[in-house]
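Structural overview
Chain by chain, the residues:
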Amino acid sequence: MVDGQKDQITVYWNEQNTRAMNIEDIKAYSESAEKVQELLNLLGEAKFDSNITSSDNSQNSESSSSNTGEGPSALPLQINDFLKKNVTMATYLAYQLPDGYENGYYTATLGEGGNLFLY
Amino acid sequence: MAPVEWYAAGGVMRLPYDKSGVINGIMYNHVTFKNGKLISGSNGENHTLYIGEPEVLTNVQEQAVLREVEHDLYTAAELGAAEEAGNPIPKDQWTSKMWEIYFAREDGSAVYCFFFNEKYFTKKQAIAVAQSVQFTEAAFQ
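Keep in mind that this is a model prediction, so the values were computed, not measured.

What to know about the overall build of chain B
A tally of regular secondary structure across chain B gives 3 helices and 10 strands. The linear arrangement of helices and strands in chain B, starting from the amino end, is α-β-β-β-β-β-β-β-α-β-β-α-β. With 141 residues in all, chain B has 35% of them scored as buried. Put simply, of all contacts in chain B between residues at least 6 apart along the chain, 58% involve residues at least 24 apart.

A word on the overall build of chain A
What chain A contains, in helices and strands, is 7 helices and 3 strands. For chain A, the α and β elements follow one another from N to C terminus as α-α-α-α-α-α-α-β-β-β. Burial status across chain A gives 15% buried among its 119 residues. Taking contacts inside chain A between residues at least 6 apart in sequence as the whole, the part at least 24 apart equals 39%.

Examining the interface of chain B and chain A
Contacts between chain B and chain A engage 26 residues on the former and 25 residues on the latter. Of the residues forming the side of chain B that touches chain A, the biggest block, 7 residues, is contributed by strand 1 (residues 10-16) of chain B. Residue composition of the side of chain B that touches chain A, grouped by class: 17 nonpolar, 7 polar and 2 charged. Note that strand 3 (residues 114-118) of chain A and strand 1 of chain B share 3 bridges and pair antiparallel. Residue Gly 114 of chain A lies in a different strand from strand 1 of chain B, and its bridge partner there is Met 13 of chain B.

Considering the nonpolar core
All names here are of chain B. In this structure, Ile 101, Tyr 102, Val 111, Cys 113, Phe 114, Ala 126 and Ala 130 are the most contacted members of the largest nonpolar core, which totals 44 residues. At 7 residues, strand 9 (residues 110-117) tops the list of elements feeding residues into this core. Every residue in contact with Ala 126, bar those within four places of it in the chain, is listed here: Trp 99, Ile 101, Phe 116 and Phe 121.

Thoughts on unusual backbone geometry
Residues and elements named next belong to chain B. Although it is not a glycine, His 47 adopts a positive phi angle of roughly 60°. Topologically, His 47 is positioned in the loop between strand 5 (37-41) and strand 6 (48-56). Under the C-beta neighbour-count criterion, His 47 is labelled partly exposed, with 14 such atoms within 10 Å. Look at Asn 59: it is not a glycine, yet its phi comes out positive at around 60°. Mapped onto the secondary structure, Asn 59 falls in the loop between strand 6 and strand 7 (64-72). Residue classification places Asn 59 among the exposed positions, given that 9 C-beta atoms sit within 10 Å.

Things to note about helix 3 (residues 123-132) of chain B
Residue and element names in this part refer to chain B. Taken together, the buried positions of helix 3 are Ala 126, Ile 127, Val 129 and Ala 130. All buried residues of helix 3 project into a common sector of 155° when viewed along the axis, lining one side. Buried residues belonging to helix 3 abut strand 7, strand 8 (95-104) and strand 9.

Focus: helix 2 (residues 76-84) of chain B
Across the 9 residues that make up helix 2 of chain B, only a small minority, 0, are buried. Trailing helix 2 of chain B by a residue or two, Gly 86 of chain B shows a phi angle of about 80°, which is positive.

Structural notes on the pairing of strand 5 of chain B
A regular strand places its side chains so that they alternate between the two faces of the sheet. Residues and elements named next belong to chain B. Of the pairings in the sheet, the one linking strand 4 (residues 31-34) to strand 5 comprises 4 bridges and is antiparallel in character. Looking across to strand 5, one finds that Thr 32 is bridged to Ser 40. Here strand 4 hands over to strand 5 after 2 residues, with Asn 35 in that stretch at a positive phi of 55°.

Considerations on the sheet that holds strand 7 of chain B
If you walk across this open sheet you meet the 7 strands as 2(A)-3(A)-1(B)-9(B)-8(B)-7(B)-6(B), and the pairing is antiparallel. Each having just a single partner strand, strand 2 (102-107) of chain A together with strand 6 of chain B make up the two edges of the open sheet. With strand direction ignored, the average angle separating the axes of adjacent strands in the sheet is 25°. Direction of pairing for strand 6 of chain B relative to strand 7 of chain B: antiparallel, over a ladder of 6 bridges. Bridging across to strand 7 of chain B, Ile 51 of chain B finds its partner in Glu 68 of chain B. Against the sheet, helix 3 of chain B contacts strand 7, strand 8 and strand 9 of chain B, and its axis sits at roughly 25° relative to strand 8 of chain B.

Definitions and cut-offs
Residues numbered from 1 in each chain as written. Chains lettered and ligands numbered in written order. Predicted model: local features only at pLDDT ≥ 70, side-chain atom pairs only at ≥ 80, totals over all residues. Helix = DSSP H or I, 4+ residues; strand = E, 2+ residues; numbered from the N terminus. Buried ≥ 20, exposed ≤ 12 C-beta atoms within 10 Å, placed from the backbone. Contact = placed C-beta atoms within 7 Å. Nonpolar A, V, L, I, M, F, W, Y, C, P; charged D, E, K, R; others polar. Pairing = 2+ DSSP bridges. Core = buried A, V, L, I, M, F, W, Y, C linked by C-beta atoms within 7 Å. Arc of directions from axis to C-beta. Axes fitted to C-alpha atoms, helices over the stretch in contact; angles between N-to-C directions.

Next comes the structure, spelled out in structure tokens:
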């Protein structure tokens, strides 16, 4: 299924596009592996950051600040920010494309995120 | 290299918006309101030419405005390099033209830009897609 989707992604790229971008770049755009890894890295860092416990439990920030010297850990905020930015467009809207068109993968690099249409 | 969306058949993207006009410390917004009415939109990108006047759309769930835009797909250096390499890029492929449709609420925190490559979509088709858009409660929060 995944391989089939990759092939499908290349359909709307015409000769002009493939001359400007190599095929591997195009495929990389549609894959989510990098984003999943980014999230796993954040979660991994959070797991081993003992300061998160105090900030997550809503203990007073003065106590957290005294532990780190920099205030509550920023990692939960980073994860929250990541999750906010990496949602599907279906969270925000729905629409109907003409026959022959369909949605591509969610692409995090389109503005704050978006979809390309495939033909 | 030109942004991927400039080559695409079309797409939709979410953009930041703040009524104050300041986004990430920069004075810029993707849309313009006048007396509460959405009157224009743009991506604010280099190598982009807006054609004609904005067209306010009707029969849409939220305020929407249509623009026609032309993007440069190659720099002069890239065109020169391709020609020197014996593989000149035909002039009719130097640019892409798109119908852009911006949706926004004046008090919202996001703008939605649909873009339709004119090679794939007629203006009528682009407007039909815009008129089919249904936003969720989370769309402009």
